[in-house]
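Geometric and topological summary
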Amino acid sequence: MTPFPRPDYAGVRRYDPGRAPVRLDLSDNTNLWGTHPAALERIRRATTDDLARYPELYADRLREAVAERFDVPPECVTTGAGSDDVLDSVFRASFAPGARVSYAAPTFSMVEPFAHMNGMEAHAVAWPEAEADPSALFEGDPDLVYVCRPNNPTGGFPARAWIDGLLSERGEDGPLVVVDEAYADFAGETLLPDAPSIPKLLVTRTASKAYGLAGLRCGYAVASAEVALEADKSRGPYKVSGLAAEAAALAVRDEDGWMAGVVEETLRNRARFTDELTTRGHPPLPSRANFVLLPAPSGAARQDTLALREVGVGVRPFSGVPGMGDGLRITVGPWPLMEGFLSAFDEVFATAAHETAAREAARGKASRETAR
Ligand SMILES: *Cc1c(COP(=O)(O)O)cnc(C)c1O
């Protein structure tokens, strides 16, 4: 008998990004302008049937909306309760004993746990190495290669020529390549319409970011019909709630409406915010997404995050980012919120004395919390 839990689960933990309610939360890249109005209106008009009956087996109306929006065949679309669910499903469909997921690091923090949850090995390749030679991602004969474009948490955007190089290096019977486009709406460039005609390429999208629907848990992906079918089988029926699928479908059909305005303002505020930080001597990494990564001294990300939290601002810390050291990821939202961040930043980090004091305070608090 296999012990419970199975031995390769030993390293799997519940997700704990250290989030707690805070006055100004810029930590999770959700839409700080709010939610898609047509989606909200649909939820408000919920009927007994929406709740009492099972939804469509495989969210066909959302599938239709995606197919029409991107001009792809509906059988090339798969859906999930968040794009995390789509990723988890294709990881599961790729599983074989000893299977391996390869990815350029740093990247989306869920990739490693999804690999482990599905009994796969996770293999990180430092981005500079993968950028110089995409075939580095095929070392060790992986069964799945994951690429995030734009990348979370750096905001970097692998060029189309690099993606094409990766796909041609892979050859005829190489592994499934998954391109995570959670932030593609902000980059204005996508692989999605090409996915049906490229064998073993799956491109994922989410309703959680630009559409402002993170609470609904809804995502989708486009691939060849064969790959989309395997993802559907692995995910199982009834996973996307009916209201979530309908609300997300309305947002997909109206990408040029409310969302286009949000994207435009995000890009404007990202440039302005980048200038403000640069003026302060702290330039963030160039970003194609709705967040920026601000380099921090090695070992400082956690303390800096705690110091900002003390003044009511939430950001996401990253420690030991390959080629960079530490960093703080900050979501870009409406300008008054960015001003709120900047005044907190000035308060906490303006002078060396302040910086030291804030770090000491944070360290004191951290050790008090550990002691408890
Ligand atoms: C936020 C995010 C997702 C979205 O996950 P959902 O499950 O759709 O909410 C997927 N990939 C990346 C890289 C993300 O940052």
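Residues numbered from 1 in each chain as written. Predicted model: local features only at pLDDT ≥ 70, side-chain atom pairs only at ≥ 80, totals over all residues. Heavy atoms only, no water.

Re the confidence of the model for the chain
The condition that has to hold: Known as pLDDT, the predictor's per-residue confidence is scaled from 0 to 100. Contacts are assigned to residue pairs with any non-hydrogen atoms lying within 4.5 Å of each other.
On average, residues of the chain score 92 in pLDDT, and 94% of them reach the 70 mark or higher. Confidence over residues 368–372 falls short of pLDDT 50; this stretch has zero contacts with residues more than four positions distant or in other chains.

Focus on unusual backbone geometry
As a reminder, the rule being used: Numbering of helices and strands starts at the N terminus; helices are DSSP runs of H or I of at least 4 residues and strands are runs of E of at least 2. Here's how the labels work: a residue is buried when its accessible area is under 20% of the maximum for its type, exposed when over 50%, partly exposed in between, all with a 1.4 Å probe on protein chains only.
Following Phe4, the chain continues into Pro5 via a peptide bond in cis, with omega recorded as -10 degrees. Tracing the backbone through its elements, the reader meets Pro5 in the segment before strand S1 (24–25). Its identity is not glycine, yet Asn29 carries a phi of approximately 65 degrees, on the positive side. Tracing the backbone through its elements, the reader meets Asn29 in the loop between S1 and helix H1 (37–44). Residue Asn29 is classed as buried on the basis of its relative accessible area of 0%. Backbone geometry places Ala59, a non-glycine residue, at a positive phi of 50 degrees. Along the chain, Ala59 turns up in the loop between helix H2 (48–52) and helix H3 (60–70). The class for Ala59 is buried, based on a relative accessible area of 5%.

Digging into the sheet that holds strand S12 (residues 325–331)
Strand pairing in a sheet takes place through backbone hydrogen bonds and is either antiparallel or parallel in direction. Defined as follows: A pair of strands is labelled paired if DSSP reports no fewer than 2 bridges between them. Helix axes are fitted only over the stretch in contact, all axes being lines through C-alpha atoms; the angle between N-to-C directions runs from 0 to 180 degrees.
Read across the open sheet, the three strands follow the order S9-S12-S11; overall the sheet is antiparallel. This sheet does not close on itself; its edge strands, each paired only once, are strand S9 (291–296) and strand S11 (316–321). Geometrically, the sheet is characterised by an average inter-axis angle of 30 degrees between neighbouring strands, direction not taken into account. In the sheet, S9 pairs with S12 via six bridges, with the strands oriented antiparallel. Looking at the pairing, Ala296 lines up with Asp326 of S12. Along the sheet, helix H11 (residues 255–279) makes contact with S9 and S12, crossing S9 at roughly 15 degrees.

What to know about the domain arrangement of the chain
Going by this rule: In this entry, domain limits derive from an automatic or database-based domain assignment. Accessible area that two parts lose when put together, with a 1.4 Å probe and added across both, is what the buried area reports. Whenever Lys or Arg places a side-chain nitrogen within 4 Å of a carboxyl oxygen from Asp or Glu, that contact is recorded as a salt bridge. Two N or O atoms count as a polar contact when they lie within 3.5 Å, although within protein this holds only if one can serve as hydrogen donor and the other as acceptor, and sequence-adjacent residues are included solely when both atoms are side-chain atoms. Nonpolar residues are Ala, Val, Leu, Ile, Met, Phe, Trp, Tyr, Cys and Pro. Charged residues are Asp, Glu, Lys and Arg, and all others, Gly as well, are polar.
Per the domain assignment, the segments of the chain are domain 1 (37–253) and domain 2 (258–371). Relative placement of domain 1 and domain 2: their C-alpha centres are 28 Å apart. Regarding the contact of domain 1 and domain 2, the summed buried area is about 1600 Å², with carbon and sulfur atoms giving 68% of it. Interface area lost by domain 1 to domain 2 is led by Pro153, Thr154 and Phe186, which between them contribute 35%. At the surface where domain 1 touches domain 2, the tally comes to one salt bridge. Of the charged contacts, one joins Glu189 and Arg288 as a salt bridge, the two residues approaching to 3.8 Å between their closest N and O atoms. One can count three residue pairs in polar contact (both at pLDDT 80 or more) joining domain 1 with domain 2. Within the side of domain 1 that touches domain 2, the residues separate by chemical class into twelve nonpolar, six polar and two charged.

Remarks on the pattern of salt bridges
Tallied over the entire structure, the rule returns 23 salt bridges. Between Arg42 and Glu246 there is a salt bridge, with the nearest N and O atoms lying 2.9 Å from each other. One end of the pair, Arg42, is in helix H1; the other, Glu246, is in helix H10 (residues 242–253), and 204 residues separate them in sequence. What makes Arg42 buried here is its relative accessible area of 9%. One salt bridge in this structure joins Arg160 and Asp164, with 3.0 Å as the shortest N-O distance. With Arg160 and Asp164 both in helix H7 (residues 160–170), this residue pair falls four residues apart, about one helical turn. Judged by its relative accessible area of 28%, Arg160 is partly exposed. Exposure remark for Asp164: the relative accessible area of 36% places this residue in the partly exposed category.

Topic: the nonpolar core
Test applied: We define a nonpolar core as any set of buried Ala, Val, Leu, Ile, Met, Phe, Trp, Tyr and Cys residues linked to one another through side-chain atoms lying within 4.5 Å.
Among the nonpolar cores identified, the biggest contains 52 residues, and Leu62, Val66, Leu137, Val179, Leu201, Tyr211 and Val222 are the most heavily contacted of them. For this core, the secondary-structure elements that each account for two or more residues are H3, strand S5 (144–148), H7, strand S6 (176–180), strand S7 (201–206), strand S8 (219–222), H10 and H11. The element contributing the most residues to this core is H10, with seven residues. Structurally, this core is a two-domain feature, drawing no fewer than three residues from each of domain 1 (37–253) and domain 2 (258–371). Not counting the four nearest positions on each side in its chain, Leu137 is found in contact with Ser102, Tyr103, Ala104, Val125, Ala130, Pro142, Val145, Trp162 and Leu166.

Topic: the side chain of Thr206
Summarising the element assignment, Thr206 is placed in strand S7. Among the residues examined, Thr206 registers a relative accessible area of 4% and is labelled buried. At a separation of 2.8 Å, a polar atom in the side chain of Thr206 contacts the main-chain amide nitrogen of Ser208.

Some points on the site of the ligand
We count it as follows: Any residue with at least one heavy atom within 4 Å of a molecule or strand is counted as near it. Shrake-Rupley sampling with a 1.4 Å probe provides the accessible areas, and residues are treated as covered by the protein chains on show and by no other component.
Around the ligand, a shell composed of 14 residues is seen, among which Ser83, Tyr183, Thr206, Ser208 and Lys209 lie nearest. Note that an oxygen atom of the ligand is positioned 2.7 Å from one of the side-chain N or O atoms of Arg217. The fraction of the free accessible surface of the ligand (380 Å²) that becomes covered by protein chains is 93%. Listed by contribution, the elements that provide at least two residues to the shell around the ligand are helix H4 (83–94) and S5. Taken together, the residues of the shell around the ligand break down into five nonpolar, five polar and four charged.

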